[in-house]
Amino acid sequence: MKTGLYETLVRAGATRRDILKGAASMAAIAAASGAGLGALTRPASAASELRSKILQIPGVGKGQPTDADFQKVGELCLEATKANVKEGEFAGVELTFMGLNNQNLHNVLFRGFLKPWETYTGAKINWIDLAQADYNARLQQSIATGTVDFDIIEMGAPFEGDVCGKGLTSEMPDWVKTQIDFDDLVNYLKPPVGTWNGKQYRVTVDGDAHNFNYRTDVFSDADLAKAWKDGGGGGEWGVPKTWQQVQAVTKFLKGKQVKGQDVYGYLDAPKPWGGFGFYFLGSRATAYAKHPDDKAWLFDADTMKPRINNPAWVRAIQDVIDALPSEPADQINADPNTTAFQQFLAGTGSMVTWWGDVGSNVKTNDSSVVGDVTGFSILPGSDDVYNSKTGQWDKLASGPNYAPNCAYLGWGVYVMARVDSDEKKKKAAWSAAAHLGGKDLSIWTAMYPSGFQPYRNSHFDIPEWVAAGYDEAFITSYLKSESDSYNHPNAAIEPRIPGIFQYYSAAEDILANTFAGKMKAQEGADAIAAAWEKLTDQIGRDNQIKLYKASLGL
């Protein structure tokens, strides 16, 4: 490599290891096109020295980050805090923070990030750690009994109706909006998300949309291609584009092997997961149920009549029932954590839907064996889509119907209103939230296992990921699947209505029995619809209609 090119790449943020590892491809890019080299250097040269530095902690491909890494990143990102808070300003303040500890993520990282913040500000944080399956129950108990015992909460937008709607949260001060560069959020996470009655309440720390993760080695395997053709498989062997194809491939792969290892198709997550597991049926259903001419897909917008028992949702439920015999043994007892972290990352299964965590974990999680053979797309589509207004299945002139599931709208950090009477404590709580939602710290959480995925416009700078150690083809595929999901014109948007996790939890319990064969698909769906109708009446139908319409922009 020419000295000048080497020096240019180093200035662009590439390490010597990166250059040696990818010298051929980098030189090819530079030689083939001045625009190619320009694409590599322009954003990286504009990136701050700080971002380049934290993204090498510990470095992609150098093992999973440790608590020491979290603390180091948190310390390096403290400058924004120091601009608004004097050293020792919060001495004597104690805050309680409630959040998740799934897979040693979420709160586990927050502790490390906030340790240097505590040292600098003098505040002390006490932690309430929850498993995902316990989260909704713990939160709802606090609300119902009026015993909110935390000052800061990690929470998703679907709970805003339950929490912000009851006046339990503190309104975000303007200085926080400036500190976190609020305008950098991707459009679908901007207000009304994070707001209630026009007031801003949340520091966003996550995106969230389900994408489709698949094994490239499986779908490029010549022996499987021949077997598929010899067996009369439809079309060429390749990555499924529709749920109909996912079903066919999953059944075909039963009993097949790749490189001497058993290979399976799609991985369903039938086991209840505190309401969060419902999203995975949702990702099978949206292509069937979300018609491009209708923003509603979960309830009728004018009546709140559930659509869970219409033909679209029943087809999705039946798909799971039909696919389970072709999936790994005991798949009925797999929750979403199992499918992503214990199966797909470990090389079991060739297709899984999940939030964006799979994309960062396949490259940086110590348990991953599929970092070099994983590709991404938006969720599969459907050859036809159910029209709830006509009661007919439509075939679109444009081809299959795609409807990415913008599930959960991402995690955020919220400050509780109980700190508002103490200005020092209030500022401390918001400062902690702003530190976790800071722009520079956020690019680190997007790149490494954290429980969070890209959610800012500044997260979609491909050269910054390449400079950090991701290969360009991989990260381009991943970020495109995220961006295309966020910006899809027919995206299925999460309803921000009170009690939404009561609906989801009730559905999960009934679905577990349905997937286990105790009920037919239609029977299970009808039972869910009946339970949802009771919930709507209990919560208040007229207000639910009003809020559901608002969440859909109607």
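Residues numbered from 1 in each chain as written. Predicted model: local features only at pLDDT ≥ 70, side-chain atom pairs only at ≥ 80, totals over all residues. Heavy atoms only, no water.

1. A few points about the side chain of Ser142
Tracing the chain through its elements places Ser142 in helix H9 (residues 132–145). Relative accessible area serves as the criterion here: at 2%, Ser142 is assigned to the buried category. Ser142 has contacts with Thr147, Val148, Asp149 and Phe150, leaving out every residue within four places of it along the chain. (Helix = DSSP H or I, 4+ residues; strand = E, 2+ residues; numbered from the N terminus. Buried < 20%, exposed > 50% of the residue type's maximum accessible area, 1.4 Å probe, protein only. Contact = heavy atoms within 4.5 Å.)

2. Re the sheet that holds strand E3 (residues 152–156)
An order of E2-E1-E3-E15-E6 is seen for the five strands of this open sheet, with the pairing classed as mixed. Here the strands that pair on one side only, and so sit at the sheet edges, are strand E2 (124–130) and strand E6 (202–204). Within this sheet the neighbouring strands show an average axis-to-axis angle of 30 degrees, counted without direction. Pairing between strand E1 (residues 94–100) and E3: two bridges, direction parallel. Each bridged residue has a counterpart across the sheet, and for Met98 the counterpart in E3 is Ile153. Sheet contacts for helix H8 (residues 107–121): E1, E2 and E3; angle to E2, the most-contacted strand, approximately 180 degrees. (Pairing = 2+ DSSP bridges. Axes fitted to C-alpha atoms, helices over the stretch in contact; angles between N-to-C directions.)

3. Section: the environment of Thr178
Position of Thr178 relative to the elements: it lies in helix H11 (residues 174–179). By relative accessible area, which is 65% here, Thr178 ends up exposed. When the C-alpha atoms of Thr178 and Ala80 are compared, they prove to be 9.8 Å apart, with 98 residues separating the residues in sequence.

4. Section: the packing of aromatic side chains
Under the counting rule described, the total for this entry stands at 51 aromatic pairs. Here Phe341 and Trp354 contribute two aromatic rings whose centre-to-centre distance is 5.3 Å and whose plane-to-plane angle is 85 degrees, an arrangement assigned as edge-to-face. On the criterion of sequence distance, the pair formed by Phe341 in helix H16 (residues 336–344) and Trp354 in strand E10 (residues 351–354) is long-range, its members being 13 residues apart. Like Trp354, Phe341 is buried. Over the aromatic face of Phe252 sits the side chain of Lys256, whose NZ or CZ is 4.2 Å from the ring centroid. Above the plane of the ring of Tyr288 lies Arg315, whose end atom (NZ or CZ) is 4.7 Å from the centre. (Phe/Tyr/Trp six-rings, centres within 6.5 Å; stacked < 30°, edge-to-face > 60°. Lys NZ or Arg CZ within 6 Å of the ring centre and 35° of its normal.)

5. Some remarks on the pattern of salt bridges
Per the counting criterion, the structure on display carries 25 salt bridges. Arg418 is paired through a salt bridge with Asp151; the nearest N and O atoms lie 2.8 Å apart. You can see Arg418 sitting in the loop between strand E15 (411–415) and helix H18 (423–436) and its partner Asp151 sitting in the loop between H9 and E3, a full 267 residues away along the chain. Assessed through its relative accessible area of 1%, Asp151 is described here as buried. One salt-bridge network, in which partners are shared between bridges, spans Arg51, Asp440 and Glu464. (Salt bridge = Lys/Arg side-chain N within 4 Å of Asp/Glu carboxyl O.)

6. A short note on the pairing of E1
In regular strands, side chains alternate between the two faces of the sheet. Most of E1 is tucked away: six of the seven residues are buried. Judged from the seven bridges that link them, E1 and E2 form a sheet pairing that is parallel. From the neighbouring strand, Leu95 faces E2, where its bridge partner is Ile125.

7. Side note on the sheet that holds E10
Sheet strands pair via backbone hydrogen bonds, and the direction of the pair is either parallel or antiparallel. Taken in spatial order, the three strands line up as E10-E7-E11 in an open sheet, and their pairing is antiparallel. Looking at the sheet topology across the chains shown, the edges are occupied by E10 and strand E11 (374–377). Sheet twist, expressed as the mean angle between neighbouring strand axes with direction ignored, is 25 degrees. Of the strand pairs in this sheet, strand E7 (residues 211–215) and E10 are connected by four bridges, and their pairing is antiparallel. Counterpart to Phe212 in the pairing with E10 is Thr353.

8. Re the packing of helix H13 (residues 243–253) against helix H15 (residues 311–323)
Packing of H13 against H15 leaves a shortest axis separation of 10 Å and a crossing angle of 10 degrees. Relative to H15, the element H13 lies roughly parallel. Listed contacts from H15 to Gln244, Gln247, Thr250 and Lys251 of H13 are Arg315, Asp319, Asp322 and Ala323. Taken together, the residues of the contact of H13 with H15 break down into one nonpolar, three polar and four charged. (Parallel < 35°, antiparallel > 145°, perpendicular 65-115°, else oblique. Nonpolar A, V, L, I, M, F, W, Y, C, P; charged D, E, K, R; others polar.)

9. A closer look at unusual backbone geometry
Residue Ile57 is joined to Pro58 through a cis peptide bond whose omega torsion reads 0 degrees. Tracing the backbone through its elements, the reader meets Pro58 in the loop between helix H5 (49–54) and helix H6 (67–76). Omega for the bond connecting Pro191 with Pro192 falls within 30 degrees of zero, at 20 degrees, which places this linkage in the cis form. For Leu409, which is not glycine, the phi dihedral falls at a positive 60 degrees. By secondary structure assignment, the location of Leu409 is in the loop between strand E14 (405–406) and E15. Among the residues examined, Leu409 registers a relative accessible area of 1% and is labelled buried.

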